[in-house]
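# Overview (structure and organization)
If you want the building blocks of each chain, they are given just below.
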Amino acid sequence: MSSADKNLSSIDLSSIGDCSEFTIGIVTSEWNDGITKKLTKGAIKTLKACKVKAKNIIQIQVPGSFELPLGAKMLYQEKSPDAILCIGCVIKGETKHNEYINNSVAKALTSLSLVSGIPFIFGVLTPDTKQQALDRCGGKHGNKGDEAAYTALKMIALKQEIKSTKTKIGF
Ligand code: DLZ
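Now for a description of the structure that goes with this document. (Residues numbered from 1 in each chain as written. Predicted model: local features only at pLDDT ≥ 70, side-chain atom pairs only at ≥ 80, totals over all residues. Heavy atoms only, no water.)

### A few points about the sheet that holds strand E3 (residues 83–89)
The strand order across the open sheet built from four strands is E2-E1-E3-E4, with neighbouring strands paired in parallel fashion. In this open sheet, the two edge strands, each paired with only one partner strand, are strand E2 (57–62) and strand E4 (120–125). Put simply, the sheet's adjacent strands are angled 15 degrees from each other on average, direction ignored. Relative to E4, E3 runs parallel, the two being bridged by six bridges. What sits directly across from Cys-86, in E4, is Phe-122. Packed on one face of the sheet, helix H1 (residues 33–49) meets strand E1 (24–29), E2, E3 and E4 and runs near 150 degrees to E3. Lying on the sheet, helix H3 (residues 97–116) is in contact with E3 and E4; it crosses E4 at an angle near 165 degrees. (Pairing = 2+ DSSP bridges. Helix = DSSP H or I, 4+ residues; strand = E, 2+ residues; numbered from the N terminus. Axes fitted to C-alpha atoms, helices over the stretch in contact; angles between N-to-C directions. Contact = heavy atoms within 4.5 Å.)

Next comes the structure, spelled out in structure tokens:
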């Protein structure tokens, strides 16, 4: 699905319940920081709009997107947040470098999520051009940082809902 088809930046945040006790980690890549700073800003704006307290938003930076999984793991081990947003932007160049980084990060974040049981959100833009990135960090396709934050909150809420439900799931 393309960003043009789904823009979560325009979503009604009132559908999300009480997030006031959630702790959220944010790991931001310094590569393409003109983009990643805007994504991070969007994510923080959404978290605050959903009543996440500023003191419960823990931010760190890593040099490039390739380092997002390790930075996120360090943050998880030291601070035990309820979810971690991993924010980066890998713009396609003349070689396949971008594919190696993107695939590696996506796989590592999937593994971290499954092993830890908390969401490690893939907030990495993977555009062909800088303009496509600009369109997605507060431009015509919204801000994917907002979406990363929204997704994290929804997944934490889902975990709480499953925990609290008395009904058996399955057979
Ligand atoms: C090396 C590199 C290149 C060429 N491009 C990007 C990019 O577009 N976005 C990004 O986040 N990082 C890039 N990097 C840096 C790698 O992510 C990584 O930091 C280095 O390969 C060192 O491990």
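There is more to say after this.
### Description of the side chain of Asn-98
Mapped onto the fold, Asn-98 is located in helix H3. Residue Asn-98 is classed as buried on the basis of its relative accessible area of 10%. The contacts of Asn-98, once residues within four sequence positions are left out, are Val-90, Ile-91 and Lys-92. (Buried < 20%, exposed > 50% of the residue type's maximum accessible area, 1.4 Å probe, protein only.)

### Things to note about the site of the ligand
Neighbouring residues of the ligand: Ser-29, Trp-31, Asn-32, Gly-64, Ser-65, Phe-66, Glu-67, Cys-89, Val-90, Ile-91, His-97 and Ile-101. Note that a nitrogen atom of the ligand is positioned 2.8 Å from one of the backbone N or O atoms of Cys-89. Summarising the interface, the protein chains cover 70% of the accessible area of the ligand, which totals 490 Å² for the free molecule. Residues that form the shell around the ligand fall into these classes: six nonpolar, five polar and one charged. (Near = heavy atom within 4 Å. Polar contact = N/O pair within 3.5 Å; in protein donor to acceptor, adjacent residues only side chain to side chain. Areas by Shrake-Rupley, 256 points an atom, 1.4 Å probe, with all protein chains shown as cover. Nonpolar A, V, L, I, M, F, W, Y, C, P; charged D, E, K, R; others polar.)

### Some remarks on a nonpolar patch on the surface
Side chains of Met-155, Leu-158 and Ile-162 sit close together on the surface and give an oily, nonpolar patch of about 260 Å² of accessible area. Along the chain, Leu-158 falls in helix H5 (residues 144–164). (Patch = residues over 30% accessible without salt bridge, like charges linked within 9 Å, V, L, I, M, F, W, Y side chains within 5 Å. Salt bridge = Lys/Arg side-chain N within 4 Å of Asp/Glu carboxyl O.)

### Topic: the pairing of E1
For E1, the buried fraction is high: six of the six residues fall into the buried class. Burial along E1 is two-sided: the residues Ile-24, Ile-26 and Thr-28 and Gly-25, Val-27 and Ser-29 are all buried. One ladder, built from six bridges, connects E1 with E2; its direction is parallel. Residue pairing across strands places Val-27 opposite Ile-60, the latter belonging to E2. Crossover handedness for the path E1 to H1 to E2: right-handed. (Right-handed = clockwise from strand over helix to strand, strands pointing away.)

### Considering helix H2 (residues 68–79)
Three or four residues apart is the spacing at which side chains of an α-helix point the same way, because the helix has 3.6 residues per turn. The end-to-end C-alpha distance of H2, which contains 12 residues, comes to 16 Å, matching closely the 16 Å that a straight helix rising 1.5 Å per residue would cover. Burial in H2 covers these residues: Leu-68, Pro-69, Gly-71, Ala-72 and Leu-75. End-on view of H2: buried residues confined to an arc of 165 degrees, all on one side of the axis. Across H2 from its buried face, at more than 90 degrees, point the exposed residues Leu-70, Gln-77 and Glu-78. At its buried positions, H2 is contacted by E1, E2, E3, H3 and E4. Ser-80, located one to two residues past H2, shows a positive phi value of around 45 degrees. (Expected span 1.5 Å × (residues − 1). Arc of directions from axis to C-beta.)

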